[in-house]
Amino acid sequence: MGALYTVVTFRLTGLRFKTSSTQLHVPLRLLSGSLLFTCNAIMWTSFSKALQHCSSSARVTVTTTASNFIFSAILGRLVFGETHAALWWLGISLTLCGLLLLHGSSAQPLAQEDKKKM
């Protein structure tokens, strides 16, 4: 969401409104900028909480990065009509496969350690 508000903030400079552009332009930029900072604050708070609850910082980092890429692509397509090359989609698919391997492989040793303790 932060990326969306960043683009909106910077693209507003090119908009030309039919009515008083200076009166509408500044509040829209301020709103978009404040939404950008709010979304970033929420993201960093969630990331910090995930780091506290996870045994590996790599899992949290890869999950956050992959979700950021995916949501940026989806929102870019829906809001701005952006398209991505097939190579980009291949790269994000490989990232998701690695993410699945990372999460799947770390869950099994934890279950085995719990059995050893009993």
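Treat the numbers as computed from the prediction; the structure is a model and nothing was measured. (Residues numbered from 1 in each chain as written. Predicted model: local features only at pLDDT ≥ 70, side-chain atom pairs only at ≥ 80, totals over all residues. Heavy atoms only, no water.)

(A) Looking closely at the packing of aromatic side chains. Tallied over the entire structure, the rule returns two aromatic pairs. Ring centres of Trp44 and Phe47 lie 5.7 Å apart, and the angle between their planes is 90 degrees; this geometry places the pair in the edge-to-face category. In this pair, Trp44 and Phe47 both sit in helix α2 (residues 21-53), three residues apart, roughly one turn of the helix. Given the relative accessible area of 52%, Trp44 is considered exposed. Residues Trp88 and Trp89 carry aromatic rings whose centres are separated by 4.8 Å and whose planes lie at 85 degrees to one another, so their mutual orientation is edge-to-face. (Phe/Tyr/Trp six-rings, centres within 6.5 Å; stacked < 30°, edge-to-face > 60°. Helix = DSSP H or I, 4+ residues; strand = E, 2+ residues; numbered from the N terminus. Buried < 20%, exposed > 50% of the residue type's maximum accessible area, 1.4 Å probe, protein only.)

(B) Seen up close, the UniProt feature "transmembrane region" (unreviewed entry) in the chain. Feature annotation in UniProt places "transmembrane region" (unreviewed entry) on residues 26-47, 59-80 and 86-107, given in this structure's numbering. Across residues 26-47, helical content stands at 100% and strand content at 0%; the span's end C-alpha atoms are separated by 32 Å. Annotated as residues 59-80, this span is 100% helix and 0% strand, and its ends, taken at the C-alpha atoms, are 31 Å apart. (UniProt positions renumbered as here; feature names shortened; annotations may be inferred.)

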